[in-house]
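A look at the structure
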Amino acid sequence: MQVTVLYGPRDVRFEERPDPTIVEPTDALIRLPVSCVCGSDLWPYRGIAPIDGPTPMGHEYVGIVEEVGSEVRLIELGQFVVGSFFASDNTCEICRAGYHSSCIHRQPGAPTGAQAQYARIPLADGTLVATPGLPPEDMIPSLLAASDVLGTGWFGAVAAEAGPGKTVAVVGDGAVGLLAVLAAKQLGAERIIAMSRHGSRQRLAREFGATEIVTERGEEGAERIKELTDGLGAHSVVEAVGTQESMMQAIRSTRAGGHVGFVGVLHDVEIPGEEFFFSHVHLHGGPAPVRRFLPELVDLIWNRKIDPGKVFDLTLPLEEVAEGYRAMDERRAIKTLLRP
Ligand SMILES: [Zn+2]
């Protein structure tokens, strides 16, 4: 098959590799009808997160099951399935508590890379959720979004305790931030403030349920959130970037007793202890346990209650994946969909 491989900063190649095979009896092989590029792929792409030699890329996937190992019991050939970026057994104590992304048997969800034609999925029974049938073509991008960006934005909103009567602010207007807006709306938030300075992203945020837009960022952004909330700050703030500035913007936008849900992968962030101590802000986040939410998210998409696939604003043939990275790196695209 052909697969996307990152060789070093800004060096994305689409090259021939052996077809994945069943390695463990709990594996499944799936054919990928579409793939995509994640905002978190940009960290190694930009050289900020170093890689250890040529690395197959892509960790978001949906697909049709082509083969299963001898110990797979629940997942069947021909099913359409959605998984997440970590494989999990869905049975250990940590999974049962809803933290699948810290499963005691955790491993990469698509170790052969999902910006490809096929993928091997470990722990298939625990990792994969089958849809009720084969989805119509136009629904597939939304199901793919559930694999990571929707599941991650959803966890951000849940971790921030978004809900009825709450004012929710979202730091970050990438796909995860925009889908955190959608999640906050679904969770019943009263006001949703999207922090964005890009016209097309502001429009999508409003479509997903944002009631207000704040264009300031950093210190000024936090001040603006306070002004909009009687000087108190938001009840719930989702952090969906992962930088020092965005994390402090999130903490400083939150009222005493409020919650920050942080889902941007943190890079070199230091939280000043004394300020945090006196803030009375709850922090909860980390790699999203997407698997916890998948059954509910698949159901919402299947019944056309939400359309998270709108975050894909660029579609390219899979072999042009390098351009997909460039477009996201230069912020010309929110998220790139790739078709084999
Ligand atoms: Zn587990």
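Our structure's up above, just so we're on the same page.
Quick caveat: nothing in here was measured; it's all calculated off a predicted structure.

**Regarding the sheet that holds strand E15 (residues 234-239)**
The strand order E14-E13-E12-E15-E16-E17 describes an open sheet built from 6 strands, whose pairing is parallel. Edge positions in the sheet fall to strand E14 (212-214) and strand E17 (282-285), since each has one partner strand and no second. With direction set aside, neighbouring strand axes in the sheet form an average angle of 20°. Packed onto the sheet, helix H5 (residues 149-159) meets E15, strand E16 (254-262) and E17 and runs at close to 160° relative to E16.

**Regarding helix H11 (residues 290-302)**
Over its 13 residues, H11 runs 17 Å from end to end, which matches the ideal 18 Å to within 8%, given 1.5 Å per residue. The set of residues buried in H11 consists of Val-290, Arg-291, Phe-293, Leu-294, Leu-297, Val-298, Leu-300 and Ile-301. Taken together, the buried residues of H11 touch strand E7 (80-82), helix H3 (124-127), strand E11 (129-130), helix H4 (140-147), H5 and helix H6 (175-186). Note on H11: the residue one or two positions beyond its end, Arg-304, has a positive phi of about 60°.

**Section: the nonpolar core**
Of all hydrophobic cores here, the largest spans 56 residues; its most connected members are Val-62, Leu-143, Leu-150, Trp-154 and Phe-208. A per-element tally of this core places H6 first, with 9 residues. Residues in contact with Leu-143, not counting those within four places in the same chain, are Val-62, Phe-80, Val-82, Thr-131, Pro-135, Val-298 and Ile-301. Membership of the second largest hydrophobic core comes to 16 residues, among which are Ala-169, Ile-193, Ile-251 and Phe-262.

**A short note on the coordination of the zinc ion**
Taken together, Asp-89 (OD), Cys-92 (SG), Cys-95 (SG) and Cys-103 (SG) make up the full set of protein donors to the zinc ion, lying 2.0 to 2.3 Å away. Of note, the zinc ion draws all its donor residues from one chain, in the sequence arrangement D-x2-C-x2-C-x7-C. Like Asp-89, the residue Cys-95 is buried in the burial classification.

**Comments concerning a nonpolar patch on the surface**
A surface patch of nonpolar side chains, about 270 Å² in accessible area, is lined by Ile-94, Tyr-99 and Ile-104. Relative to the helices and strands, Ile-94 is located in helix H2 (residues 93-96).

**What about the environment of Val-241?**
With respect to the helices, strands and loops of the structure, Val-241 is situated in the loop between E15 and helix H9 (244-252). Owing to a relative accessible area of 32%, Val-241 belongs among the partly exposed residues under this scheme. Each C-alpha atom of the pair Val-241 and Val-263 lies 7.5 Å from the other, and the pair is 22 residues apart in sequence. Dropping the residues within four chain positions of it, Val-241 is found in contact with Trp-43, Val-171, Gly-172, Ser-246, Gly-264 and Val-265.

**Some words on the packing of H5 against H11**
Axis angle and axis distance: for two packed helices, these are the angle between their axes and the distance between the axes, and together they describe the pair. It is at 10 Å that the axes of H5 and H11 come closest, and there the two elements cross at 110°. Judged on the interaxial angle alone, H11 and H5 are roughly perpendicular. Contact residues: Leu-150, Gly-151, Thr-152, Trp-154, Phe-155 and Val-158 in H5; Val-290, Arg-292, Phe-293, Glu-296, Leu-297, Leu-300 and Ile-301 in H11.

Cut-offs used in this document
- Residues numbered from 1 in each chain as written.
- Predicted model: local features only at pLDDT ≥ 70, side-chain atom pairs only at ≥ 80, totals over all residues.
- Heavy atoms only, no water.
- Pairing = 2+ DSSP bridges.
- Helix = DSSP H or I, 4+ residues; strand = E, 2+ residues; numbered from the N terminus.
- Axes fitted to C-alpha atoms, helices over the stretch in contact; angles between N-to-C directions.
- Contact = heavy atoms within 4.5 Å.
- Expected span 1.5 Å × (residues − 1).
- Buried < 20%, exposed > 50% of the residue type's maximum accessible area, 1.4 Å probe, protein only.
- Core = buried A, V, L, I, M, F, W, Y, C linked by side-chain atoms within 4.5 Å.
- Donors = N, O, S within 2.8 Å, 3.2 Å for Na, K, Ca; no water.
- Patch = residues over 30% accessible without salt bridge, like charges linked within 9 Å, V, L, I, M, F, W, Y side chains within 5 Å.
- Areas by Shrake-Rupley, 256 points an atom, 1.4 Å probe, with all protein chains shown as cover.
- Salt bridge = Lys/Arg side-chain N within 4 Å of Asp/Glu carboxyl O.
- Parallel < 35°, antiparallel > 145°, perpendicular 65-115°, else oblique.

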